[in-house]
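Listed here are the chains, written in short residue letters.
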Amino acid sequence: MKRVLTIQDISCLGKCSLTVALPIISAMGAETAIVPTAVLSTHTMFSNFTFRDLTEDMEGIKNHWVKEGFAFDAIYTGYLGSKEQVQIVSDYFHTFRNEHNYIVADPAMADNGKMYAGFSPDFALEMAKLCGEADIILPNISEACFMLNKEYVGEDADMDQIKALLLELGTLGAKTVVITGVKLGDNRFGFMGYDVKSKNFFCYDTEEIPMKSHGTGDVFASTFTGALMNDFSVYDSLKIAADYTCACIRNTYNDPDAVDYAVNFEVEIPYLLKMIGK
């Protein structure tokens, strides 16, 4: 069984970060080890959430694992709460990287042209350095602009604007750069990516469901990582992630009893497993 290490926060209620990554990747048949960066009562869409920083625990976890000789087939990072955590995660990359594993970075820090609460432009530049150490990065349009210290191009950015962002992201150091949440035609929504070595662009789209919800980026990145662990190519893993995320959004949109703070990823797991042949 392959083993994934995922480093991000625990939002105790809200269906995002580790409470998405752990069930999705585990359901896809990979052991899922976690390094929680913080514990929040809910995700940051809610007011007055509690927050406990776990930075002081991260180094000790790493050192214990080194002594035990643990290795990982993928390292997948999500929400990191500070520049200090970014530096610690960089050390995780250096410690556990090998010639066979994937390092996937989702720089979860912004949406709709605004950074999440508590983040600054300086944090985005530190995240850009970390993304340069990954193999595959998965920013949305807002995160791409902040990491490049560029003016926000808007959620309706055209393909030429997205390609320009991808080319510049490609100079950071990752092998494959992907921008998620891209409009690719009338009522079509998906991702566009760039393979730095081959210099090829690629894209894929699904139906655009007329709703916005928290945590869809986490669903996408978790599913992508799980598909890699099932030996799908990078591009096919991205397609699987897009199709599953779309199915989760569609299910939520059609469910009159759905919560308004997350998507129904749980009920679509059988569809995901069918896609990967489980």
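Residues numbered from 1 in each chain as written. Predicted model: local features only at pLDDT ≥ 70, side-chain atom pairs only at ≥ 80, totals over all residues. Heavy atoms only, no water.

### Quick word on the packing of aromatic side chains
The relative placement of two aromatic rings is captured by the distance of their centres and the angle of their planes.
Consideration 1: For the coordinates displayed, the defined rule picks out 13 aromatic pairs.
Consideration 2: For the ring pair Tyr 92 and Phe 96, a centre distance of 5.9 Å and an interplane angle of 40° mean the geometry is tilted. Of this pair, Tyr 92 and Phe 96 both sit in helix H3 (residues 83-96), four residues apart, which is roughly one turn of that helix.
Consideration 3: Residue Tyr 92 is classed as buried on the basis of its relative accessible area of 0%.
Consideration 4: For the ring pair Phe 191 and Phe 202, a centre distance of 6.3 Å and an interplane angle of 70° mean the geometry is edge-to-face. With Phe 191 in strand S10 (residues 188-195) and Phe 202 in strand S11 (residues 200-207), the pair connects residues that are 11 residues apart, well separated along the chain.
Consideration 5: Residue classification places Phe 191 among the buried residues on the basis of a relative accessible area of 1%.
Consideration 6: Positioned above the aromatic ring of Phe 201 is the side chain of Lys 163, whose terminal nitrogen or guanidinium carbon lies 5.2 Å from the ring centre. (Phe/Tyr/Trp six-rings, centres within 6.5 Å; stacked < 30°, edge-to-face > 60°. Helix = DSSP H or I, 4+ residues; strand = E, 2+ residues; numbered from the N terminus. Buried < 20%, exposed > 50% of the residue type's maximum accessible area, 1.4 Å probe, protein only. Lys NZ or Arg CZ within 6 Å of the ring centre and 35° of its normal.)

### Quick look at the pairing of strand S2 (residues 31-42)
Consideration 1: Where strand S1 (residues 3-13) and S2 come together, nine bridges link them in parallel fashion. By the bridge assignment, Leu 13 is partnered in S2 with Thr 42.
Consideration 2: Note on the crossover from S1 through helix H1 (residues 18-27) to S2: the handedness is right-handed. (Pairing = 2+ DSSP bridges. Right-handed = clockwise from strand over helix to strand, strands pointing away.)

### Focus on the pairing of S1
Two faces belong to every sheet, and in a regular strand the side chains alternate between them.
Consideration 1: Pairing analysis gives four bridges linking S1 to strand S4 (residues 74-77), with the strands arranged parallel. Opposite Thr 6, over in S4, you have Tyr 76 as the bridge partner.

### Observations regarding unusual backbone geometry
Consideration 1: Positive phi, close to 45°, is recorded for Ser 17, a residue that is not glycine.
Consideration 2: Under the relative-accessibility criterion, Ser 17 is labelled buried at 2%.
Consideration 3: Backbone geometry at Lys 199 places phi at a positive 65°, although glycine is not the residue there.
Consideration 4: Its place among the elements puts Lys 199 in the loop between S10 and S11.
Consideration 5: Looking at Lys 199, the relative accessible area reads 61%, which means it is exposed.

### Concerning the nonpolar core
Consideration 1: The biggest cluster of nonpolar side chains holds 48 residues, and the ones touching the most others in it are Ile 7, Tyr 92, Met 109, Met 127, Ile 162 and Ile 179.
Consideration 2: Excluding residues that lie within four positions of it along the chain, Met 127 makes contacts with Leu 80, Val 86, Pro 107, Met 109 and Met 147.
Consideration 3: Residues Ile 25, Val 104, Tyr 204 and Phe 224 belong to the second largest nonpolar core, which totals 21 residues. (Core = buried A, V, L, I, M, F, W, Y, C linked by side-chain atoms within 4.5 Å. Contact = heavy atoms within 4.5 Å.)

### A word on the pattern of salt bridges
Consideration 1: Overall, the coordinates contain 12 salt bridges when judged by the stated rule.
Consideration 2: For Lys 129, the salt bridge identified is with Glu 126, shortest N-O distance 3.3 Å. Of the two residues, Lys 129 and Glu 126 both sit in helix H4 (residues 121-131), three residues apart, roughly one turn of that helix.
Consideration 3: Arg 250 is the partner of Glu 207 in a salt bridge, and the nearest nitrogen-oxygen pair spans 3.2 Å. Of the two residues, Glu 207 is situated in strand S11 and Arg 250 in helix H8 (residues 234-254); the sequence distance between them amounts to 43 residues.
Consideration 4: Assessed through its relative accessible area of 38%, Glu 207 is described here as partly exposed.
Consideration 5: Overall, Arg 250 belongs to the partly exposed group, its relative accessible area being 33%.
Consideration 6: The network of salt bridges with common partners includes Glu 59, Lys 62 and Asp 91. (Salt bridge = Lys/Arg side-chain N within 4 Å of Asp/Glu carboxyl O.)

### With respect to the packing of H1 against helix H7 (residues 216-229)
Consideration 1: Contact pair H1 / H7: the axes reach a minimum separation of 9 Å and the direction vectors enclose 30°. Taken together, the axes of H1 and H7 lie roughly parallel to each other. As H1 runs across H7, the sense of the crossing is right-handed. The residues of H7 that touch H1, namely those facing Val 20, Ala 21, Ile 24 and Ile 25, are Asp 218, Val 219, Ser 222, Thr 223 and Gly 226.
Consideration 2: Residues belonging to the contact of H1 with H7 are distributed by class as follows: five nonpolar, three polar and one charged. (Axes fitted to C-alpha atoms, helices over the stretch in contact; angles between N-to-C directions. Parallel < 35°, antiparallel > 145°, perpendicular 65-115°, else oblique. Left-handed = near helix turned anticlockwise from the far one by under 90°. Nonpolar A, V, L, I, M, F, W, Y, C, P; charged D, E, K, R; others polar.)

### Details of the packing of H7 against H8
Consideration 1: Remark: H7 packs on H8, axes separated minimally by 8 Å, with the N-to-C direction vectors making an angle of 140°. Between H7 and H8, the interaxial angle falls into the category oblique. In this structure, the crossing between H7 and H8 has a hand that is right-handed. Of H8, the residues touching H7 (which contributes Thr 216, Val 219, Phe 220, Thr 223, Phe 224, Ala 227 and Leu 228) are Val 234, Ser 237, Leu 238, Ile 240, Ala 241, Ala 242, Tyr 244, Thr 245, Cys 248 and Ile 249.
Consideration 2: The residue inventory of the contact of H7 with H8, partitioned by class, reads 13 nonpolar, four polar and no charged.

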